[in-house]
Amino acid sequence: MKVLITPRGYARYGAKAQKHLESLGLELDINDTGSPLSSDVFKAKAKEADAIIVGVDQIDADLIDACPHLKIIVKFGVGTDNIDVAYCQQKGIQVERCIGTNANAVAEYTIGMLFNCARMLSTNVSDVKKGEWKKPTGVELSNKMIGIIGFGHIGKLVANMANGIGMHVQVYDAFPIPSEALELCKAKQCTLSELLQTSDFITIHVPLTKETTGLIGMQELKTMKETAILVNASRGGIVKDKDALEALKHKEIKAYAADVFEDEPPTKEGWQQELLALDSFYLTAHIGSRSQESEINTVNRATDILYNFFSSLQ
Ligand code: NAD
């Protein structure tokens, strides 16, 4: 049986895990190029595979139809928006995720970005490097209200970290939240509209779905405080980036920090460059989950899922 493994983190941290899978007689094809595979190369390799551990590669209906042996897909992370899960179910292909393995990395990224935006740290570092000795006055996080949209693995960790900083926490989720989870995180549940109106800092931790696409557009941005700082380490497309540009230009909110973007990487011209040029906009290159610890946890979880799957077939 053949296993295609595309995430670069697996090549970096998977030497031991690899042996574990090989002990079952599996033949591994690991992407050790240091770059993502092109879609043609991915398709050619996937055609032969019985299992795929996948990062960002697109697994749509066409690709699935081209993979006659495929039995299981393991997402090297949690967001399955690059996989046509419904079509996989129809075809009897199991889809698994590495739930929670990168949550701490994303939560720490989020808190780091809150501090960064509140005190304009990265902007000041670039100014000083350019020879400009500027002294911006920022705001503190302590005693402020943070609104968390999506109270799952990452949302809960952000809530706990925010507690430690002395922030007040309110959360919105589309699904019922057990009262014990709210108590543990010292969080108050509210509606999306309340959260948008009353939070000083807002952070988004929902999956990209039909319901969350465009969840934050101009109307929602205008509802936020003019002093609000918004962080999005979820998925591109949940915040309407063009609306964020207009909102920042018209000072509807104070800052928007994103780890994800509708087009990754952004286009080299047009409104995306106008947005990037704003001091109130911060963009990182989808690195929220990129910590050594998170990659090692995810390698181990993905390996365990496949090991158990193939062991049960033997
Ligand atoms: P999770 O499944 O534990 O939590 C998601 C939460 O969102 C759940 O509580 C769910 O009920 C809620 N939700 C779903 N639809 C909603 C809606 N329409 N409105 C409000 N709430 C809704 O997932 P997680 O581990 O916390 O990760 C959240 C998302 O973060 C992932 O789906 C992924 O897209 C993104 N992510 C990004 C990075 C990165 O590198 N930037 C890394 C990991 C995860």
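Residues numbered from 1 in each chain as written. Predicted model: local features only at pLDDT ≥ 70, side-chain atom pairs only at ≥ 80, totals over all residues. Heavy atoms only, no water.

K.L.:
I would appreciate a short explanation of the overall build of the protein in the present structure.
P.N.:
Counting secondary structure elements, the protein contains 14 helices and twelve strands. Rg of the C-alpha trace for the protein: 21 Å, near the compact-globule value of 20 Å for 314 residues, within the 12% margin. Going through the 314 residues of the protein one by one, you find that 47% of them count as buried. Nonlocal contacts in the protein, meaning residues at least 24 apart in sequence, comprise 64% of its contacts between residues at least 6 apart. Carbon and sulfur atoms provide 51% of the accessible area of the protein, an area that totals close to 15,600 Å². Across the protein, the 33 positively charged side chains and the 40 negatively charged ones have centroids separated by 4 Å. (Helix = DSSP H or I, 4+ residues; strand = E, 2+ residues; numbered from the N terminus. Rg over C-alpha atoms; globule rule 2.2 N^0.38 Å. Buried < 20%, exposed > 50% of the residue type's maximum accessible area, 1.4 Å probe, protein only. Contact = heavy atoms within 4.5 Å. Areas by Shrake-Rupley, 256 points an atom, 1.4 Å probe, with all protein chains shown as cover. Lys, Arg positive; Asp, Glu negative; His and termini not counted. Charge placed at Lys NZ, Arg CZ, Asp CG, Glu CD.)

K.L.:
Looking at this model, I keep getting lost on the domain arrangement of the protein. Mind explaining?
P.N.:
The parts lose accessible area when they come together, and the size of an interface is often stated as this lost area. Each domain of the protein was delimited in the assignment, giving domain 1 (2-99 + 292-313) and domain 2 (103-283). Using C-alpha coordinates to define each centre, domain 1 is positioned 31 Å away from domain 2. Opposite the five residues of domain 1 that make contact, domain 2 presents four residues. Carbon and sulfur atoms supply 59% of the area buried between domain 1 and domain 2, which totals about 350 Å² over both sides. Area buried by domain 1 at its contact with domain 2 is led by Asp81, Ile99 and Ser294, which between them contribute 79% of it. Counting every contact that joins domain 1 to domain 2 gives one salt bridge. In this structure, Arg235 engages Asp81 in a salt bridge whose closest nitrogen and oxygen atoms are separated by 2.9 Å. The interface formed by domain 1 and domain 2 includes one residue pair in polar contact (both at pLDDT 80 or more). (Domains from an automatic or database assignment. Buried area = accessible area lost by both parts, 1.4 Å probe. Salt bridge = Lys/Arg side-chain N within 4 Å of Asp/Glu carboxyl O. Polar contact = N/O pair within 3.5 Å; in protein donor to acceptor, adjacent residues only side chain to side chain.)

K.L.:
Honestly, the side chain of Thr212 in this entry has me stumped. Any pointers?
P.N.:
Mapped onto the elements of the fold, Thr212 is located in the loop between strand S9 (201-204) and helix H11 (218-223). Residue class for Thr212 comes out buried when judged on its relative accessible area of 10%. Residues contacting Thr212, with those up to four places away along its chain left out, are Val206, Pro207, Gly237 and Ile238.

K.L.:
What exactly am I supposed to notice about the sheet that holds strand S3 (residues 51-54) here?
P.N.:
Strand pairing in a sheet relies on backbone hydrogen bonds. The paired strands run either parallel or antiparallel. Read from one edge of the open sheet, five strands run S2-S1-S3-S4-S5, paired in parallel fashion. Looking along the sheet, the strands with just one partner apiece sit at the ends: strand S2 (27-30) and strand S5 (94-97). Direction aside, the axes of adjacent strands within the sheet are offset by 15 degrees on average. Pairing of strand S4 (residues 72-75) with S5, which is carried by four bridges, proceeds in the parallel orientation. Looking at S5, one finds that Val74 is bridged to Glu96. (Pairing = 2+ DSSP bridges. Axes fitted to C-alpha atoms, helices over the stretch in contact; angles between N-to-C directions.)

K.L.:
I'm lost on the site of the ligand in this one. Help?
P.N.:
In the vicinity of the ligand, 24 residues are found, and the nearest of them are His153, Ile154, Asp173, Phe175 and Asp259. With respect to the ligand, the side chain of Arg235 contributes an N or O atom lying 3.4 Å from an oxygen atom. Within the side chain of Asp259, a nitrogen or oxygen atom sits 2.9 Å from a nitrogen atom of the ligand. For the ligand, the accessible surface in isolation is 860 Å², of which the surrounding protein chains cover 89%. Residues that form the shell around the ligand fall into these classes: ten nonpolar, ten polar and four charged. (Near = heavy atom within 4 Å. Nonpolar A, V, L, I, M, F, W, Y, C, P; charged D, E, K, R; others polar.)

K.L.:
When you look at the packing of aromatic side chains in this model, what are you seeing that I'm missing?
P.N.:
The geometry of an aromatic ring pair is captured by the separation of the ring centres together with the interplanar angle, meaning the angle of the planes. Applying the stated criterion across every chain, the model contains four aromatic pairs. Ring centres of Tyr256 and Phe281 lie 5.6 Å apart, and the angle between their planes is 40 degrees; on these two criteria the pair is classed as tilted. Of this pair, Tyr256 sits in strand S11 (residues 255-258) while Phe281 sits in strand S12 (residues 281-283), placing them 25 residues apart in sequence. Side by side, Tyr256 and Phe281 carry an identical accessibility label, which is buried. When the ring of Phe261 is compared with that of Trp271, the centres are 6.4 Å apart and the planes differ by 35 degrees; the resulting orientation is tilted. Of the two residues, Phe261 is situated in the loop between S11 and helix H13 (271-277) and Trp271 in helix H13; the sequence distance between them amounts to ten residues. Residue Trp271 is classed as partly exposed on the basis of its relative accessible area, which comes to 24%. Through pairs of rings, three or more aromatic residues link up here, namely Tyr256, Phe261, Trp271 and Phe281. Between the NZ or CZ atom of Lys156 and the centre of the ring of Phe151, over which it lies, the distance is 5.1 Å. (Phe/Tyr/Trp six-rings, centres within 6.5 Å; stacked < 30°, edge-to-face > 60°. Lys NZ or Arg CZ within 6 Å of the ring centre and 35° of its normal.)

K.L.:
Just checking my understanding: could you explain the pattern of salt bridges for this structure?
P.N.:
Pairing is possible between side chains that carry opposite charge, provided their charged atoms lie close to one another. Scanning all chains against the criterion turns up twelve salt bridges. The partner of Arg12 in a salt bridge is Glu295, and the shortest N-O contact between them spans 2.8 Å. Of this pair, Arg12 sits in helix H1 (residues 8-13) while Glu295 sits in helix H14 (residues 292-313), and the two are 283 residues apart along the sequence. The structure contains a network of salt bridges with shared partners spanning Asp127, Lys130, Glu132 and Lys134.

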